[in-house]
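Here is what each chain is made of, one letter per residue.
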Amino acid sequence: MALRWWWRWRCGASSRPAPPLGSLPRLRPPGHGARGPPGPSAGVCHFTQRSSKLSFPKICNIFWQFHHTSTSHLCSCSETVSDEKYQDPFQLGRKDLKNLYEDIKKELLVSTAELKEMCEYYFDGKGKAFRPMIVVLMARACNIHHNNSREVQASQRSVAIIAEMIHTASLVHDDVIDDANSRRGKMTVNQIWGERKAVLAGDFILSAASVALARIGNTTIISVLTQVIEDLVRGEFLQLGSKENENERFAHYLEKTFKKTASLIANSCKAVSILGCPDPKVHEIAYQYGKNVGIAFQLIDDVLDFTSCADRLGKPAAADLKLGLATGPVLFACQQFPEMNAMIMRRFSKPGDVERARKYVLQSDGVQQTTYLAQRYCHAATREIRKLRPSPEREALVQLTQMVLLRDK
């Protein structure tokens, strides 16, 4: 019912509810018996009636190739929903995240007052700490799976802190690259202190995270989490480029999404699983859960860029289009409006491109298709995490996948 309410609220006239997580249909275009958002053709999508090199089945193949894993042989302690009592993920993880931001500030040992203020600017305690929350819940789920311990180790909590520091440093750098003026409802670091100082602040946060990582003293964990930093850089380079071939374009988008967003969650989950359980199969489960949730999170973020108001997002609406980025809703909409290809290749640089592209997206089923794709990734994440032993933490991680789909900012 929650997903039905969400989709009806999001799209208004659409009569087809989004499917529940437990019974997702085969990903398919709404033109095959489904109704998309209201548009010029009374809401009926003609997705398959236009000629295009990139058919929807090919997009499905891209999805499954990208999603391909070797986890089919993994252990499965329980493939069914446990009888564990449901608990709010944020309530369940609150104890382990108490004083999170105070502890992060202790890692930022800065003698210069201005640099200290810049580095602490986003660690104001007003965020939901989504990534640290996933990390501590995964830590407890893996500990319970291994030896029935519900305690988060100090080193596992350090991974949660490091993950939030790496994420925040990437935000500071992204805002410089994008020349952004607002983040989380307030002015960005680069707008207040200037680009040069913002770059240095982001670098300093990364260096402090590296020191905290070295203190864990586990070379495997260091290797896993430094991969995140490499992926962030490679993802940013991917975002600066584009592909002419439509098949390559969608694969390019998914790879960029993984490297810029999902790698941090995937590798952080893997790191705490390594610290809590010696079984490589569990490490793969943790990694795949984080990867799939991370990609779904970004897909929904790309949807919200078209469907949520700026006040809710804490940043300008249609921000990605203004940056010249073709996200999921745009790439799907391009199948119904091939004239968008030229705009994508010139990165929406001509006057009126942004407004026209936004109009095409909202008239197409691009938002709906991107949401379906996010549901598929969340379904894959749920399937992975249920291979662990039943626990409240495991079910909280399942619940988090639904929260990713239902968020509105």
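A brief look at the structure comes next. (Residues numbered from 1 in each chain as written. Predicted model: local features only at pLDDT ≥ 70, side-chain atom pairs only at ≥ 80, totals over all residues. Heavy atoms only, no water.)

As a further point, take the overall build of the protein chain. When you go through the protein chain residue by residue, the secondary structure sums to 19 helices and two strands. Expressed as a percentage of the 409 residues in the protein chain, the buried residues total 56%. Once local pairs closer than 6 in sequence are excluded, the contacts in the protein chain between residues at least 24 apart make up 75%. Of the roughly 17,600 Å² that the protein chain leaves accessible, carbon and sulfur atoms contribute 52%. (Helix = DSSP H or I, 4+ residues; strand = E, 2+ residues; numbered from the N terminus. Buried < 20%, exposed > 50% of the residue type's maximum accessible area, 1.4 Å probe, protein only. Contact = heavy atoms within 4.5 Å. Areas by Shrake-Rupley, 256 points an atom, 1.4 Å probe, with all protein chains shown as cover.)

A few words now on the side chain of Q239. Along the polypeptide, Q239 turns up in helix α10 (residues 219-240). You can call Q239 buried: its relative accessible area is 10%. Polar contacts involving the side chain of Q239 include one to the side chain of K260, which spans 3.4 Å. Residues contacting Q239, with those up to four places away along its chain left out, are D178, K256, K260, L325 and R347. (Polar contact = N/O pair within 3.5 Å; in protein donor to acceptor, adjacent residues only side chain to side chain.)

Judged by side-chain polarity, I177, V233, F237 and L240 come together as a nonpolar surface patch covering roughly 420 Å² of accessible area. For the nonpolar patch, the element with the most residues is α10, which contributes three residues. The exposure class assigned to V233 is partly exposed, which follows from its relative accessible area of 45%. (Patch = residues over 30% accessible without salt bridge, like charges linked within 9 Å, V, L, I, M, F, W, Y side chains within 5 Å. Salt bridge = Lys/Arg side-chain N within 4 Å of Asp/Glu carboxyl O.)

In this structure the tally under the stated criterion is 20 salt bridges. The closest approach of N and O atoms between R150 and E393, which form a salt bridge, is 3.1 Å. Here E393 lies in helix α19 (residues 392-406) and R150 lies in the loop between α6 (130-147) and α7 (154-178), a separation of 243 residues in the sequence. For R150, a relative accessible area of 38% gives the class partly exposed. With a relative accessible area of 1%, E393 lands in the buried category.

Our focus in this paragraph is the packing of helix α18 (residues 366-385) against α19. The contact between α18 and α19 brings their axes to 10 Å, and the two run at 180°. In terms of orientation, α18 lies roughly antiparallel with respect to α19. Note on element contacts: α19 touches α18 through R394, L397, V398, T401, V404 and L405, opposite A374, Q375, C378, A381, T382 and I385. Here the contact of α18 with α19 is built from residues that sort into eight nonpolar, three polar and one charged. (Axes fitted to C-alpha atoms, helices over the stretch in contact; angles between N-to-C directions. Parallel < 35°, antiparallel > 145°, perpendicular 65-115°, else oblique. Nonpolar A, V, L, I, M, F, W, Y, C, P; charged D, E, K, R; others polar.)

Structurally, the position occupied by Q298 is in helix α12 (residues 280-307). With sequence-adjacent residues up to four places away left out, Q298 is seen in contact with T257 and T261.

Taken as a whole, helix α4 (residues 100-107) has its buried residues at L100, Y101, D103 and I104. Taken down its axis, α4 places every buried residue within 155° of arc, on the same side. Those residues of α4 that are buried are in contact with α6 and α7. (Arc of directions from axis to C-beta.)

Bear in mind that shape data such as this cannot, by itself, settle questions of function.
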